[in-house]
Amino acid sequence: MVKKIMENKVEEEEKGEAQQLKKRKGKDVFPFGNYKNYYGYRIGQGLNEDPRFKVLKKEWFEGKDCLDIGCNSGIITIQIAQKFNCRSILGIDIDSNRVADAYWHLRKIVRTEHNEKRRANASRVEVIEKGDGLEKNVTAAQEEKKAISRNCSPAERNLFDIVSFKQENFVHGRDSPEKYYDAILCLSVTKWIHLNWGDDGLITLFMRIWKLLRPGGIFVLEPQPWVSYEKNRRVSETTATNFQNIKLYPKEFQEILLDKIGFRTVEDIGSGGLSSSKTGFNRPIFLFRK
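Treat the numbers as computed from the prediction; the structure is a model and nothing was measured.

What about helix H6 (residues 190-212)?
So, point 1. Between its first and last C-alpha, H6 extends only 17 Å over 23 residues, short of the 33 Å set by a 1.5 Å rise per residue.
So, point 2. The buried count for H6 comes to 17 of 23 residues, which makes it a mostly enclosed element.

So this is what it looks like as structure tokens:
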């Protein structure tokens, strides 16, 4: 009976989320922080890479299974796969439109990389064929062409094998018993979960992250400051109500994660180095270890 009531409650909340997303389309309201073109706004013009990469280390992700919570359009998710050679990375977002954007970016990047490799390989073949004219060089060129042809499809699929995206409300998600991660990122997401699902939602977020991490795994957290809550508290009726009832503040997150959730250590790894009076995105980033 209790289980049925909880399922009905979750279903009602999910319907409410869908309705709010529909309202967003007409009024440009983003109740979950699911901004379109978020990275253009966050990163700014003239930058090729998210400044937060300055504080992220390859050793945290290389050869690891990773999860990016609140991935938006997937730019940083894809760049982590490219830059740090993780074994796998899943980006999840509550907005199906942002997940569609993420897959669009993934296809575009894979096509671009594939075309660049094909042009580079074609150039190498041309150099071989213009060698000293001996038959062995022609044969080598033909073998090179065959190798390029064989390797094109796997190369094109590589990033698709590593990166994936999924639409999910992480607070209400169901854990897969066989899936765990070595690294989980939650970058500028806690405010939106906190405003939409209150203190209980925040604790659920932290507990799920703990459960999904393998022993020794890392949790990279970039929390928004309280002043950011104040600016966005009226984005919906739900956020306005939850804002009034919040008892756990961002300055307390470290203590909660260490003393209540169970992380062993925390390290302030700095910020992305992006300071802007307009956006105020120079936020501290913390590394927790399980």
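Some thoughts on the packing of aromatic side chains
So, point 1. Under the defined criterion, the tally for this structure stands at 14 aromatic pairs.
So, point 2. Residues Phe-32 and Trp-197 carry aromatic rings whose centres are separated by 5.8 Å and whose planes lie at 15° to one another, so their mutual orientation is stacked. Note that Phe-32 is positioned in the loop between helix H1 (2-27) and helix H2 (38-43) and Trp-197 in helix H6, a separation of 165 residues in sequence. Trp-197 shares its class with Phe-32; the two are buried.
So, point 3. Aromatic rings pair up to connect Phe-206, Trp-210, Phe-219, Phe-253, Phe-263 and Phe-288 into one cluster.
So, point 4. Lying across the ring of Phe-243, Arg-233 places its NZ or CZ 5.5 Å from the centre.

Topic: unusual backbone geometry
So, point 1. Although it is not a glycine, Asn-72 adopts a positive phi angle of roughly 55°.
So, point 2. By the secondary structure assignment, Asn-72 is in the loop between strand E1 (65-69) and helix H3 (75-84).
So, point 3. Asn-72 sits in the buried class, given a relative accessible area of 4%.
So, point 4. Positive phi values are uncommon outside glycine, yet Asn-85 reaches one of about 55°.
So, point 5. Note on placement: Asn-85 falls in the loop between H3 and strand E2 (88-93).
So, point 6. The exposure class assigned to Asn-85 is partly exposed, which follows from its relative accessible area of 40%.

Things to note about the sheet that holds strand E6 (residues 265-271)
So, point 1. Pairing in this open sheet of seven strands is mixed, and the strands run E3-E2-E1-E4-E5-E7-E6 from one edge to the other. At either end of the open sheet lies a strand with only one pairing partner, and these are strand E3 (163-167) and E6. With direction set aside, neighbouring strand axes in the sheet form an average angle of 20°.
So, point 2. Pairing of E1 with E2, which is carried by five bridges, proceeds in the parallel orientation. Across the sheet, residue Asp-65 finds its bridge partner in E2, namely Ser-88.
So, point 3. Strand contacts of H6: E1, strand E4 (181-187) and strand E5 (213-222), with the helix running at about 155° to E5, the strand carrying the most contacts.
So, point 4. Across the sheet, helix H9 (residues 253-261) is in contact with E5, E6 and strand E7 (284-289); its angle to E7 comes to roughly 5°.

Looking at the pattern of salt bridges
So, point 1. Summed over the entire model, instances satisfying the criterion amount to ten salt bridges.
So, point 2. The residue Asp-95 makes a salt bridge to Arg-98 at a minimum N-O spacing of 3.3 Å. Of the two residues, Asp-95 and Arg-98, neither departs from the other in class, the shared state being buried.
So, point 3. Between Arg-98 and Asp-101 there is a salt bridge, with its nearest N and O atoms 2.9 Å apart. With Arg-98 and Asp-101 both in helix H4 (residues 96-129), this residue pair falls three residues apart, about one helical turn.
So, point 4. Residue Asp-101 is classed as partly exposed on the basis of its relative accessible area, which comes to 23%.
So, point 5. A single salt-bridge network, built from bridges that share partners, covers Asp-65, Arg-87, Asp-182 and Arg-214.

A word on the nonpolar core
So, point 1. Counting residues in hydrophobic clusters, the biggest one holds 34 residues, and the most contacted among them are Leu-67, Ile-184, Leu-205, Phe-206, Ile-209 and Phe-219.
So, point 2. Listing elements by their share of this core, those giving two or more residues are E1, E2, E4, H6, E5, H9 and E7.
So, point 3. Counting residues per element, this core draws most heavily on H6, at eight residues.
So, point 4. Leave out the neighbours within four places in its chain, and Phe-206 touches Thr-190, Phe-219, Phe-253, Ile-256, Leu-257 and Ile-261.
So, point 5. Formed by 29 residues, the second largest nonpolar core is a distinct cluster that contains Ile-80, Phe-84, Ile-218 and Val-220.

What counts, and where the lines are drawn
- Residues numbered from 1 in each chain as written.
- Predicted model: local features only at pLDDT ≥ 70, side-chain atom pairs only at ≥ 80, totals over all residues.
- Heavy atoms only, no water.
- Helix = DSSP H or I, 4+ residues; strand = E, 2+ residues; numbered from the N terminus.
- Expected span 1.5 Å × (residues − 1).
- Buried < 20%, exposed > 50% of the residue type's maximum accessible area, 1.4 Å probe, protein only.
- Phe/Tyr/Trp six-rings, centres within 6.5 Å; stacked < 30°, edge-to-face > 60°.
- Lys NZ or Arg CZ within 6 Å of the ring centre and 35° of its normal.
- Pairing = 2+ DSSP bridges.
- Axes fitted to C-alpha atoms, helices over the stretch in contact; angles between N-to-C directions.
- Contact = heavy atoms within 4.5 Å.
- Salt bridge = Lys/Arg side-chain N within 4 Å of Asp/Glu carboxyl O.
- Core = buried A, V, L, I, M, F, W, Y, C linked by side-chain atoms within 4.5 Å.

Fair warning: the whole summary comes from geometry, so function is off the table for now.
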